Amino acid sequence: MKPDTQRCNCAENNISKTGYRALFLFFKLLEAARTRDEILELFSNDPLLKNDKSKDTVTITVNTLKNAGCIISRPNQRTKNKYVLKSHPFNLQFSVNNIYALQSLRESLITFEDLDLLIYLNNFYFKIAKLAPDEDTKNLLIYKHPLALINFDILNELIIYSKLKKQISICYDSPQNKKENLDFVPEYLTFENDKLYVWGYCKKYNNFAFLRVDKIKRVNCVQIFSNTCETVYKKPEAIVTYKLKGYSALMYTENNNETIMRADTDKGYCLTIKSRVVNKFNFFQKILSYGTDCVIVSPESIRQELLVHLNSIKTGYKNNEK
């Protein structure tokens, strides 16, 4: 029987058995180098190839792949008697600009705070990396991403329990207190300065806090509450009104915590914005990023607190003048 004319009749399709066998072996060699016996074992476990158990079949299939442009080393002691797929004509060709474009696309998702989309894109890049032409490109696609230092098992648990609002016990590697066990009720996850944080109620400090996800070493346990005995807490927050003008006002977009109260166009474009502030540190960072385009209107306590920070910065620069 000539292998190149073999046909396999299936219930719905007639396919070339030789072509199927070649593709089957190609993908198996992409995964790892294989001995002849390992290849025969793989053939025997496939419903279409289970009768292809001869050593000649392996040789013919390897030669078919070589004729298609694959470079496959012969089994020897150095390869532990395995066929090694060294290269093939189906490699993706990435230029440096292509890689930068892919990385920029992934990094840009941080500003959208769409965690599900970012995880989906990471998985897609991981698949692309399997076809990368070199190790540097492969490692860049797999490891250089915003979630690189995060344990995905822990991340999945945080996503689940933030939706359920269940109290969990976590081991947190705090910069001040080192490793400590905290009872924590996660609520949502956000990116701050390219780091992923989980926000929620911390029972130990009786406060609404945010923790870096990469610093969470494990989830110890989950407290299952009934509807009548769930932890009740109030988020410390402030309602702040500020004005934004110029280019900053033109580029401004509303979010869940802010509302545009008024838009004036008489003397240039100016917005009056009401903001619900849970974390003042992050709020002040945003306000300072607007520069002279932004002024806090109320409350006075927040205005004065920002002035204290500004004067502290000014003093720091004066003390370091040469």
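This text gives an overview of the structure that appears in the document. The shown structure was predicted, so the numbers you read here are calculated from the model rather than taken from an experiment.

Here we come to the layout of surface pockets. Within this model, the second largest pocket holds a volume of roughly 430 Å³. Taken together, 20 residues make up the lining of the second largest pocket; nearest its centre are Phe-208, Ala-209, Phe-210, Leu-211 and Asn-279. Only strand S6 (167-174), strand S8 (195-202) and strand S9 (207-212) provide two or more residues apiece to the lining of the second largest pocket. For the lining of the second largest pocket, a count of residues per class yields 12 nonpolar, 5 polar and 3 charged.

With that out of the way, let us pick up the pairing of S8. Of all the 8 residues making up S8, 7 are buried; the element is thus mostly covered by neighbouring parts of the structure. Relative to S8, strand S7 (residues 178-192) runs antiparallel, the two sharing 8 bridges. Following the sheet pairing, Glu-192 is matched in S8 by Lys-195. Note that S8 and S9 share 6 bridges and pair antiparallel. Within S9, the position partnered with Gly-200 by the bridge is Ala-209. Linking two consecutive strands that pair antiparallel, namely S8 and S9, is a turn of 4 residues; a positive phi of about 50 degrees is found at Asn-206 within it.

Let's shift gears to the packing of aromatic side chains. Applying the stated criterion across every chain, the model contains 10 aromatic pairs. Relative to Phe-283, the ring of Tyr-242 lies with its centre 6.0 Å away and its plane at 65 degrees, an arrangement referred to as edge-to-face. Of the two residues, Tyr-242 is situated in strand S11 (residues 238-245) and Phe-283 in helix H9 (residues 280-289); the sequence distance between them amounts to 41 residues. Neither Tyr-242 nor Phe-283 differs from the other in exposure class; each is buried. Aromatic ring contacts, followed pair by pair, group Tyr-188, Tyr-197, Trp-199 and Phe-210 into a single cluster.

Tracing the chain through its elements places Arg-106 in helix H4 (residues 96-112). For Arg-106 and Tyr-125, which are 19 residues apart along the polypeptide, the C-alpha to C-alpha distance reads 9.5 Å. In contact with Arg-106, other than residues within four places in its own chain, are Leu-118, Leu-121, Asn-122, Tyr-125, Leu-140, Leu-141, Lys-144, His-145 and Pro-146. Within the local environment of Arg-106, its side chain forms a polar contact with the side chain of Gln-103, the two groups lying 2.7 Å apart.

The first and last C-alpha atoms of helix H1 (residues 17-31) sit 21 Å apart over 15 residues, in line with the 21 Å expected at 1.5 Å per residue. Buried within H1 are the following residues: Lys-17, Thr-18, Arg-21, Ala-22, Phe-24, Leu-25, Phe-26 and Leu-29.

What follows concerns the nonpolar core. Ranked by size, the top nonpolar core spans 32 residues in total, and within it Leu-115, Leu-147, Leu-155, Ile-170, Leu-189, Leu-196 and Val-198 carry the most contacts. Among the elements that line this core, the one with the most residues is helix H5 (residues 115-129), at 7 residues. There are two domains that each give this core at least three residues, and those are domain 2 (96-143) and domain 3 (152-232). Those residues within four positions of Leu-155 in sequence are excluded, and the remaining contacts are Leu-115, Ile-119, Leu-147, Ile-150, Leu-189 and Leu-196. In this structure, Ala-22, Leu-25, Leu-29 and Val-58 belong to the second largest nonpolar core, which totals 17 residues.

Strand order across the open sheet formed by 5 strands is S9-S8-S7-S6-S10, with antiparallel pairing between neighbours. Looking at strand neighbours, the two that pair on one side only are S9 and strand S10 (216-223), the edges of this open sheet. Along the sheet, successive strands turn relative to each other by an average axial angle of 45 degrees, direction set aside. Where S6 lies against S7, 7 bridges are found, and the strand directions are antiparallel. Among the inter-strand pairings, Tyr-172 is bridged to a residue of S7, identified as Glu-180. Contacts from helix H7 (residues 152-164) reach S6, S7, S8 and S10, with the element oriented near 70 degrees to S7.

Let's shift gears to the environment of Leu-30. Secondary-structure assignment places Leu-30 in helix H1. Along the backbone, Leu-30 and Ser-87 are 57 residues apart, and their C-alpha atoms lie at a distance of 9.4 Å. Excluding its chain neighbours within four sequence positions, the residues that come into contact with Leu-30 are Leu-85, His-88 and Leu-131.

Let us now look at unusual backbone geometry. For residues besides glycine, phi is generally negative; the peptide bonds are generally trans as well. Note that the residue after Ser-298, namely Pro-299, is joined by a cis bond; omega there is 0 degrees. The topology assignment puts Pro-299 in the loop between strand S14 (294-298) and helix H10 (300-319). Here Asn-81, not a glycine, exhibits a phi torsion of approximately 60 degrees, which is positive. Owing to a relative accessible area of 46%, Asn-81 belongs among the partly exposed residues under this scheme.

On to the side chain of Asp-214, then. Assignment of secondary structure puts Asp-214 in the loop between S9 and S10. At 2.7 Å, the side chain of Asp-214 forms a polar contact with the side chain of Arg-212. Not counting residues within four places of it along the chain, the set of residues in contact with Asp-214 comprises Leu-149 and Ile-150.

Quick notes on the rules
Residues numbered from 1 in each chain as written. Predicted model: local features only at pLDDT ≥ 70, side-chain atom pairs only at ≥ 80, totals over all residues. Heavy atoms only, no water. 1 Å grid on protein atoms, 1.4 Å probe; cavity = no way out; pocket = protein on both sides within 12 Å on 5 of 7 lines; lining within 4 Å. Points joined across faces, edges and corners; volume = space filled by probe spheres on them. Helix = DSSP H or I, 4+ residues; strand = E, 2+ residues; numbered from the N terminus. Nonpolar A, V, L, I, M, F, W, Y, C, P; charged D, E, K, R; others polar. Buried < 20%, exposed > 50% of the residue type's maximum accessible area, 1.4 Å probe, protein only. Pairing = 2+ DSSP bridges. Phe/Tyr/Trp six-rings, centres within 6.5 Å; stacked < 30°, edge-to-face > 60°. Contact = heavy atoms within 4.5 Å. Polar contact = N/O pair within 3.5 Å; in protein donor to acceptor, adjacent residues only side chain to side chain. Expected span 1.5 Å × (residues − 1). Core = buried A, V, L, I, M, F, W, Y, C linked by side-chain atoms within 4.5 Å. Domains from an automatic or database assignment. Axes fitted to C-alpha atoms, helices over the stretch in contact; angles between N-to-C directions.

Read these as spatial facts, not as claims about activity.
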